[in-house]
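Secondary and tertiary structure notes
The residues making up each chain are set out below.
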Amino acid sequence: MEGFGDDDEDYDDDLAAVLEEVEQGGGEYSVPGVYDPFEGFNRAMWNLNYDYLDPYLARPISLAYVDYTPSFIRTGIRNFLANLDEPASMVNSALMLNGEEAVRHFNRFWINSTFGLLGLIDIASAADIRKPVDKQFGDTLGKYGVSNGPYFMFPVYGPLTLREGAGDIVDGLYLPLSALNFWQSLGKWAFEGMEDRAALVKQEAILKDSPDAYIFTRDAYIQNKNFRASGGNVELPEQQDDAYLDDFMDEIDGQ
């Protein structure tokens, strides 16, 4: 049941090095693929999130959930929700010509759905079929040259690009995600969001120490999307020990 999340360690190590470039970047539009034509609106939404919605709503609710919900219940919910994403990840891995990962997603889905009580128990990880990094249709589009498009910041939801938004719609067309109604989809987003937000508590100092938290978050988000779309095939500087950025951006994307 510990297989939930992105378990590809090589991918994670490379991602930490990519994100280090964001911290050392030159500021505005220093990251390739950033297009922020609505920056004024986005900054207003960022301030709303950062100063009000997060400290008074998202953060306390998320911490209450992880602090007071029994761990076995949280693990079961995480496993169940992660299992719903496996078919979409399988298709996108195949479209990105990564047959090995596509097979792993397929095997994880049928094993956990059949023997793991519809995914509540991660039997596949116990059988040493580790979960690859989830692939989304936005990643597939990026691999074939589709740009990120405009960057948006939404209240509560957080950052999103046009490419990722369109990709999420396509991913939602695959079973079992397509079988979820609006409230079920909202519940999936809420439970995943609470886990992600609670995991970010230990990284809050990074934003506080940043000279411009909005630009740091935006550039790190775009750099992560660029990296995912490349499948990790990017030229990296020598690895340095700033691995805390790895966990930070794994949770900022979350999705």
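Residues numbered from 1 in each chain as written. Predicted model: local features only at pLDDT ≥ 70, side-chain atom pairs only at ≥ 80, totals over all residues. Heavy atoms only, no water.

**Some details on unusual backbone geometry**
Working note: non-glycine residues mostly have negative phi, and peptide bonds are mostly trans. Put simply, Leu 175 and Pro 176 share a cis peptide bond, and its omega is 0 degrees. Among the structural elements, Pro 176 can be located in the loop between helix 7 (162-171) and helix 8 (182-199). Located in the positive-phi region is Leu 118, a residue other than glycine, with phi close to 60 degrees. Note on placement: Leu 118 falls in the loop between helix 4 (99-115) and helix 5 (123-126). Relative accessible area serves as the criterion here: at 56%, Leu 118 is assigned to the exposed category. One non-glycine residue, Asp 128, lies in positive phi territory at about 70 degrees. (Helix = DSSP H or I, 4+ residues; strand = E, 2+ residues; numbered from the N terminus. Buried < 20%, exposed > 50% of the residue type's maximum accessible area, 1.4 Å probe, protein only.)

**Things to note about the nonpolar core**
By size, the foremost hydrophobic cluster in this structure holds 15 residues, and its most contacted members are Trp 46, Tyr 151, Met 153, Leu 207, Tyr 214, Tyr 221 and Ile 222. Secondary-structure elements contributing two or more residues to this core are helix 2 (39-68), strand 1 (151-154), helix 9 (204-209) and helix 10 (213-230). The greatest single-element share of this core, amounting to six residues, is contributed by helix 10. With residues near it in sequence (within four places) discarded, Ile 222 still touches Val 31, Pro 32, Gly 33, Val 34, Asn 148, Tyr 151 and Thr 161. (Core = buried A, V, L, I, M, F, W, Y, C linked by side-chain atoms within 4.5 Å. Contact = heavy atoms within 4.5 Å.)

**As for the confidence of the model for the protein chain**
Across the protein chain, the average pLDDT comes to 84, with 79% of residues at 70 or higher. Ignoring residues within four places in sequence, the model shows residues 234-245, a span with pLDDT below 50, making 23 contacts including any to other chains. (pLDDT = per-residue confidence, 0-100.)

**Some details on the pattern of salt bridges**
A side chain of one charge can pair with a side chain of the opposite charge if their charged atoms are brought near each other. Applying the stated rule across the entire model yields 19 salt bridges. Glu 86 is the salt-bridge partner of Lys 131, the closest N and O atoms lying 3.1 Å from each other. With a gap of 45 residues between them, Lys 131 in the loop between helix 5 and helix 6 (137-143) and Glu 86 in helix 3 (residues 71-95) connect regions that are remote in the sequence. Of the two residues examined, Lys 131 and Glu 86, each falls in the buried class. A single network of salt bridges, built from pairs that share partners, joins Glu 86, Arg 108, Asp 122, Lys 131 and Asp 134. (Salt bridge = Lys/Arg side-chain N within 4 Å of Asp/Glu carboxyl O.)

**A closer look at the packing of aromatic side chains**
Each aromatic ring pair is summarised here by two numbers: the centre-to-centre distance and the angle between the ring planes. Within the structure shown, the criterion is met by ten aromatic pairs. Seen from their ring centres, Tyr 157 and Trp 189 are 6.0 Å apart, and the 5 degrees between their planes marks the pair as stacked. Within this pair, whereas Tyr 157 is found in the loop between strand 1 and strand 2 (158-161), its partner Trp 189 is found in helix 8, the two being separated by 32 residues in sequence. A relative accessible area of 38% places Tyr 157 in the partly exposed class. Members of the aromatic cluster, each reached through a chain of ring pairs, are Trp 46, Tyr 50, Tyr 151, Tyr 214 and Tyr 221. (Phe/Tyr/Trp six-rings, centres within 6.5 Å; stacked < 30°, edge-to-face > 60°.)

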